[in-house]
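Given next are the chains, with one letter for each unit.
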Amino acid sequence: DGGITQSPKYLFRKEGQNVTLSCEQNLNHDAMYWYRQDPGQGLRLIYYSQIVNDFQKGDIAEGYSVSREKKESFPLTVTSAQKNPTAFYLCASSIAGQGAHEQYFGPGTRLTVT
Amino acid sequence: KQEVTQIPAALSVPEGENLVLNCSFTDSAIYNLQWFRQDPGKGLTSLLLIQSSQREQTSGRLNASLDKSSGRSTLYIAASQPGDSATYLCAVRGWDTNAGKSTFGDGTTLTVKP
């Protein structure tokens, strides 16, 4: 089945620790995105990548880092510099470039930092 | 900067009722508008994508319309069922980006009572 997988579903960390969230897709999409969702709110863009080895900051990139070494994978690291890391993190992918391309989402990772 | 608003934030209706969810956006220069469904603790499922050149899209009991000039979209759900209970989000992709980035509304949480 084609789709996007995120792991783990739930993640718990102590404050001050870095943590990496996994996102893998087998849709052959060039573009991938990371969003953050807080309770009762919409999604805010953290980072996005249109092609391997290239990525750009979104609206709330501070305290986060990403890499795009493979087309299928776009891991997100939540660093200790992120002041409020507890949230629901969603990964998405789409065809890159101009055009009315749908975004497809993974099931999400809920991160809790105490 | 594009802003997307969804009103109401929550809606409760009896089963069988037809209903309309609203999405408004401030910048009419858009590529497309996408409606999503989100179940509690889950990722987003794409419902309908309307390109900027289209006026509406239909899928089963769902019909989405787009009026760019007024900055509005509506999602019409016919003969609502308890299984339609979820949060519905709209996302707008603007012309100012070639990267497929979208701006999301905060969503409308729908409850359909049996």
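On a predicted model such as this, the values are computed, not experimentally measured, just so you know.

Engineer: Mind showing me how you'd approach the overall build of chain B here?
Structural biologist: Looking only at helices and strands, chain B has zero helices and 11 strands in total. Along its sequence from the N terminus, chain B presents helices and strands in the succession β-β-β-β-β-β-β-β-β-β-β. In terms of overall dimensions, chain B is globule-like: its C-alpha atoms have a radius of gyration of 14 Å, near the 13 Å expected for 114 residues. By principal-axis analysis of the C-alpha atoms, chain B measures approximately 45 × 30 × 20 Å. For chain B, the proportion of contacts with a sequence separation of at least 24, taken over those separated by at least 6, is 55%. Total accessible area on chain B stands at roughly 5,300 Å², and carbon and sulfur atoms take up 47% of it. Here chain B contributes 10 positive and 10 negative side-chain charges, whose respective centroids are spaced 4 Å apart.

Engineer: Quick question: what am I supposed to make of the interface of chain B and chain A here?
Structural biologist: How large an interface is tends to be reported as the accessible area lost when its parts come together. Each partner contributes residues to the interface: chain B has 22 residues there, and chain A has 24 residues. Carbon and sulfur atoms supply 50% of the area that chain B and chain A bury against each other, a total of about 1,900 Å² over both sides. There are zero salt bridges connecting chain B and chain A. On inspection of chain B and its partner chain A, the count reaches six residue pairs in polar contact (both at pLDDT 80 or more).

Engineer: Even after reading the chapter, I still don't get unusual backbone geometry, so can you show me in this structure?
Structural biologist: Among all residues except glycine, the phi angle is most often negative; among peptide bonds, the trans geometry is most common. Here A:S7 and A:P8 are connected by a cis peptide whose omega angle stands at -10 degrees. Structurally, the position occupied by A:P8 is in the loop between β1 (4-7) and β2 (10-13). The backbone phi angle of B:A79 is positive, close to 45 degrees, even though this residue is not glycine. A relative accessible area of 36% places B:A79 in the partly exposed class.

Engineer: Would you take a moment to explain the nonpolar core for this structure?
Structural biologist: The biggest cluster of nonpolar side chains holds 22 residues, and the ones touching the most others in it are B:L33, B:W35, B:L75 and B:I77. Ranked by size, the runner-up nonpolar core spans 20 residues in total, among them A:L21, A:Y47, A:L76 and A:V78.

Engineer: Mind showing me how you'd approach the sheet that holds strand β7 (residues 64-66) of chain A here?
Structural biologist: Residue and element names in this part refer to chain A. Taken together, four strands build an open sheet; the order of strands is β1-β3-β8-β7 and the sheet is antiparallel. Here the strands that pair on one side only, and so sit at the sheet edges, are β1 and β7. Within the sheet, the average angular offset between the axes of one strand and its neighbour, ignoring direction, is 20 degrees. Across three bridges, β7 lies against strand β8 (residues 76-78) in antiparallel orientation. If you follow S65 over to β8, its bridge partner there is T77.

Engineer: What should I look at first to understand the sheet that holds strand β6 (residues 56-59) of chain B in this one?
Structural biologist: The strands that make up a sheet are held in pairs by hydrogen bonds between backbone atoms, and each pair lies either parallel or antiparallel. All names here are of chain B. Pairing is antiparallel in the open sheet, where five strands are placed in the order β1-β3-β8-β7-β6. The outermost strands of the open sheet, each flanked by one partner alone, are β1 (4-7) and β6. On average, each strand axis in the sheet is inclined to that of its neighbour by 15 degrees, with strand direction left out of account. In this sheet, strand β7 (residues 62-67) lies alongside β6 in antiparallel orientation, the contact comprising four bridges. Bridge pairing links Q57 to A64 in β7.

Engineer: Mind showing me how you'd approach the environment of B:V20 here?
Structural biologist: Residue and element names in this part refer to chain B. Of note, V20 is situated in strand β3 (residues 19-25). For V20, a relative accessible area of 40% gives the class partly exposed. V20 has contacts with T74, L75 and Y76, leaving out every residue within four places of it along the chain.

Here is what the cut-offs are and how they apply
Residues numbered from 1 in each chain as written. Chains lettered and ligands numbered in written order. Predicted model: local features only at pLDDT ≥ 70, side-chain atom pairs only at ≥ 80, totals over all residues. Heavy atoms only, no water. Helix = DSSP H or I, 4+ residues; strand = E, 2+ residues; numbered from the N terminus. Rg over C-alpha atoms; globule rule 2.2 N^0.38 Å. Contact = heavy atoms within 4.5 Å. Areas by Shrake-Rupley, 256 points an atom, 1.4 Å probe, with all protein chains shown as cover. Lys, Arg positive; Asp, Glu negative; His and termini not counted. Charge placed at Lys NZ, Arg CZ, Asp CG, Glu CD. Buried area = accessible area lost by both parts, 1.4 Å probe. Salt bridge = Lys/Arg side-chain N within 4 Å of Asp/Glu carboxyl O. Polar contact = N/O pair within 3.5 Å; in protein donor to acceptor, adjacent residues only side chain to side chain. Buried < 20%, exposed > 50% of the residue type's maximum accessible area, 1.4 Å probe, protein only. Core = buried A, V, L, I, M, F, W, Y, C linked by side-chain atoms within 4.5 Å. Pairing = 2+ DSSP bridges. Axes fitted to C-alpha atoms, helices over the stretch in contact; angles between N-to-C directions.

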